[in-house]
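One-letter residues, chain by chain:
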Amino acid sequence: MKQFIKQLKNGLIDQNPVLVQLLGMCPTLATTTSVDNALGMGLAATAVLICSNVMISLLRKLIPSQVRIAAYIVIISGFVTAVELLMRAYFYPLYQSLGLFIPLIVVNCIILARAEAFASKNRVLPSAVDGLSMGLGFTLALVLVATVRELLGMGTLMGVRILPEALSMTFFILPCGAFVTLGFVIAAVQKLRSHRAKKAADDHDGEVDA
Amino acid sequence: MADNQKQGGALAIVRITLSLLVICAIVSAVVTAVHGLTYETYQLRLLEQKQAAISALFDGAAVSCEALPTEGDEVKELYRVCVGETVVGYCANVSSAGFGGDIDMMVAVSPDGVLRGVQIVSMSETPGLGSRVSRAEYLAGYAGMTLFGSHAQEDLVLGEDIDAISGATISSRAVLSGVNAALRVLRQYVTVEVE
């Protein structure tokens with residue numbers, strides 16, 4: 001249980017795939033035009049991440065190490081394609097709003113990175129937990145960036161109008177706005193993290209779990 | 001694992017290649033099976049989607065569609081739309097290149113030469129920018145135009161017949177070019193029926 005909480009905290013904050021490891025930049029920049037999209041992309045990637053981690057952890061003794069990357073890519077892309085086909089047939093409305101992003105999941109380097117760095121060396125349960133926490137960390141980062149972009153760019157949050165339309169700055173919806181916003185979000189999160197690390201170092205006498 | 005490979009030599013290479021081949025074969029088989037199992041359901045979904053778009057263009061009436069042969073490749077599909085026995089209009093399914101991919105739309109005219117309207121079936125335009133062309137308020141601008149008089153032959157023009165959405169010029173233009181492509185085909189049917 002303690003291990004589980006540690007892994008979760010790792011994925012969400014300390015080793016956040018987007019904000020700390022700077023992985024998966026492409027989907028982060030592309031899909032954060034609205035909170036709805038960001039949430040959809042994040043959760044879809046989380047689902048794939050959990051499943052691919054489990055699968056690769058199960059097969060870790062069978063895959064020859066020389067061709068492991070090729071094998072991971074084949075397994076991940078096969079998995080994503082199957083999910084896309086199933087979704088298209090049985091959850092059509094969901095497919096319509098997410099359809100664009102599903103093929104993007106294959107090339108999301110977070111998934112390959114976790115397969116290589118974690119799932120190929122660990123047992124099934126920790127690998128599944130790792131997939132869950134990294135996926136949630138990815139989702140958190142996407143939602144943070146999307147909140148800023150949707151609010152400033154369109155004046156809405158999840159489609160609900162917050163600011164009048166006259167105040168919305170189209171810049172934030174465009175790709176350049178994505179880079180600027182992501183930079184500021186990463187800076188803010190790093191500032192918070194270093195602030196907390198300093199605080200933890202200051203009152204070191206007690207067992208402080210920040 | 002690396003040590004066994006040194007001893008194995010050529011055999012090791014064959015073993016590695018074979019295991020990759022097996023993985024690829026299994027994954028391909030699974031994907032093919034899933035595709036086979038879901039394809040029909042997907043086609044059904046697409047059909048429902050199109051039916052809903054056509055029905056919306058005819059005030060939500062229970063319409064029946066009959067596919068007509070299409071000439072050329074300007075339109076993907078062409079339908080004669082009936083309510084009961086009476087022909088209420090013609091409908092064309094066209095797609096045109098937008099900013100984020102193809103915009104798939106339905107364009108309908110009534111037999112007396114009035115543009116019933118435009119419905120976007122699917123598109124992948126930038127949310128909040130290009131996606132505004134699918135708003136009902138914008139598409140309503142197309143409804144009610146007539147295909148005789150000045151529009152008997154000529155295409156509709158952006159800025160004269162319909163306005164572009166600011167910040168979404170490419171998407172607006174894509175919708176317009178789709179509508180024009182549809183009208184080039186639909187016009188023939190209208191005049192044929194009227195005469």
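Engineer: Help me understand the overall build of chain B in this model?
Structural biologist: Along its length, chain B carries four helices and five strands. Moving toward the C terminus, one meets the helices and strands of chain B in the order α-α-β-β-β-β-β-α-α. Here the C-alpha radius of gyration of chain B, 24 Å, is well above what a compact globule of 195 residues would show, namely 16 Å. Expressed along its principal axes, the backbone C-alpha trace of chain B runs to roughly 85 × 40 × 30 Å. For chain B, buried positions account for 41% of its 195 residues. A sequence separation of at least 24 residues applies to 49% of the contacts in chain B between residues at least 6 apart. Roughly 10,300 Å² of accessible area belongs to chain B as shown, and the carbon and sulfur atoms make up 58% of that amount. In chain B, which carries 12 positive and 22 negative side-chain charges, the distance between the mean positions of the two groups comes to 11 Å.

Engineer: Would you mind showing me how to read helix H2 (residues 10-57) of chain B here?
Structural biologist: Helical geometry: 3.6 residues make up each α-helical turn, so side chains three or four residues apart lie on a common side. All names here are of chain B. For H2, spanning 48 residues, the distance from its first C-alpha to its last is 67 Å, which sits close to the expected 70 Å at 1.5 Å a residue. Along H2, the largest kink reaches about 40° and is centred on Thr38. The positive-phi residue at the C-terminal boundary of H2 is Asp59, with phi of around 55°.

Engineer: Can you help me understand the interface of chain A and chain B in this one?
Structural biologist: Often the size quoted for an interface is simply the accessible area lost on bringing the parts together. Every contact between the two is made by 26 residues of chain A and, on the other side, 26 residues of chain B. Buried surface at the junction of chain A and chain B, summed over both partners, amounts to about 2,300 Å²; 73% is from carbon and sulfur atoms. For chain A, the biggest contributors to the area lost against chain B are Leu85, Arg88 and Tyr92 of chain A; these three give 22% of the whole. Our count for the contact surface shared by chain A and chain B stands at zero salt bridges. For the pair chain A and chain B, the interface holds one residue pair in polar contact (both at pLDDT 80 or more). When residues of the side of chain A that touches chain B are traced back to their parent elements, those giving at least two are helix H4 (68-90) and helix H5 (92-98) of chain A.

Engineer: Would you take a moment to explain the pairing of strand S2 (residues 77-83) of chain B for this structure?
Structural biologist: Remember that side chains alternate between the two faces of the sheet whenever the strand is regular. Residues and elements named next belong to chain B. As paired elements, strand S1 (residues 64-68) and S2 share five bridges and run antiparallel to each other. If you follow Cys65 over to S2, its bridge partner there is Val81. Sheet topology note: the S2/strand S3 (residues 86-97) ladder contains seven bridges and is antiparallel. Across the sheet, the residue bridging to Cys82 is Val87, located in S3. Taking the residues that link successive antiparallel strands as the turn, the S2-S3 hairpin has two residues, and the phi of Gly84 there is positive, at about 65°.

Engineer: Help me understand the pairing of S3 of chain B in this model?
Structural biologist: All names here are of chain B. The sheet contact formed by S3 and strand S4 (residues 102-109) spans eight bridges and is antiparallel. Bridge pairing in S4 links Ala97 to Asp102. What sits between S3 and S4 in their antiparallel hairpin is a turn of four residues, with Gly101 showing a positive phi close to 140°.

Engineer: Sorry if this is basic, but what is going on with unusual backbone geometry here?
Structural biologist: Note on backbone geometry: most residues besides glycine have negative phi, and most peptide bonds are trans. Residues and elements named next belong to chain A. One non-glycine residue, Leu22, lies in positive phi territory at about 55°. Summarising the element assignment, Leu22 is placed in the loop between helix H1 (2-14) and helix H2 (25-31). Exposure remark for Leu22: the relative accessible area of 45% places this residue in the partly exposed category.

Procedures and definitions
- Residue positions are given per chain, counted from 1 along the sequence in the order it is written.
- Chain A is the first chain written and ligand 1 is the first ligand written, with later ones labelled in order.
- Local features are withheld for residues below a pLDDT of 70 in this predicted model, meaning they are given only at 70 or higher, and side-chain atom pairs are given and counted only at 80 or more; totals for whole chains, interfaces and linings count all residues.
- Just so you know, side-chain values use all the structure's heavy atoms and leave hydrogens and water out.
- Here a strand is any run of E in DSSP of at least two residues, a helix any run of H or I of at least four, and the numbering for each starts at the N terminus.
- In this description the radius of gyration comes from C-alpha coordinates, and the expected globular size is given by 2.2 Å times residues to the power 0.38.
- Burial classes: relative accessible area under 20% of the type maximum marks a residue as buried, over 50% as exposed, and values in between as partly exposed (1.4 Å probe, protein chains only).
- In this description, contact between two residues means that some pair of their heavy atoms is separated by no more than 4.5 Å.
- Per-residue and other accessible areas were derived by the Shrake-Rupley procedure at a 1.4 Å probe size, with only the shown protein chains allowed to occlude residues.
- Charge counting treats Lys and Arg as positive and Asp and Glu as negative, with His and both chain ends excluded.
- The atoms used to mark charge sites are NZ of Lys, CZ of Arg, CG of Asp and CD of Glu.
- In this scheme, a helix's expected span is set at 1.5 Å multiplied by one less than its residue total.
- Bend, at a single residue, is the angle you get between axes fitted to the 7 residues ending at that residue and the 7 residues starting at it.
- Note on terms: buried area is the combined drop in 1.4 Å-probe accessible area of two parts once they are placed together, counting the loss on both.
- We define a salt bridge as a contact between a side-chain nitrogen of Lys or Arg and a carboxyl oxygen of Asp or Glu at a distance within 4 Å.
- Under the rule applied, a polar contact is a pair of N or O atoms within 3.5 Å (in protein, one hydrogen donor and one hydrogen acceptor; residues adjacent in sequence only if both atoms are side-chain atoms).
- Any two strands between which DSSP finds at least two bridges are classified as paired.

Limitation: the analysis is restricted to geometry and does not speak to function.
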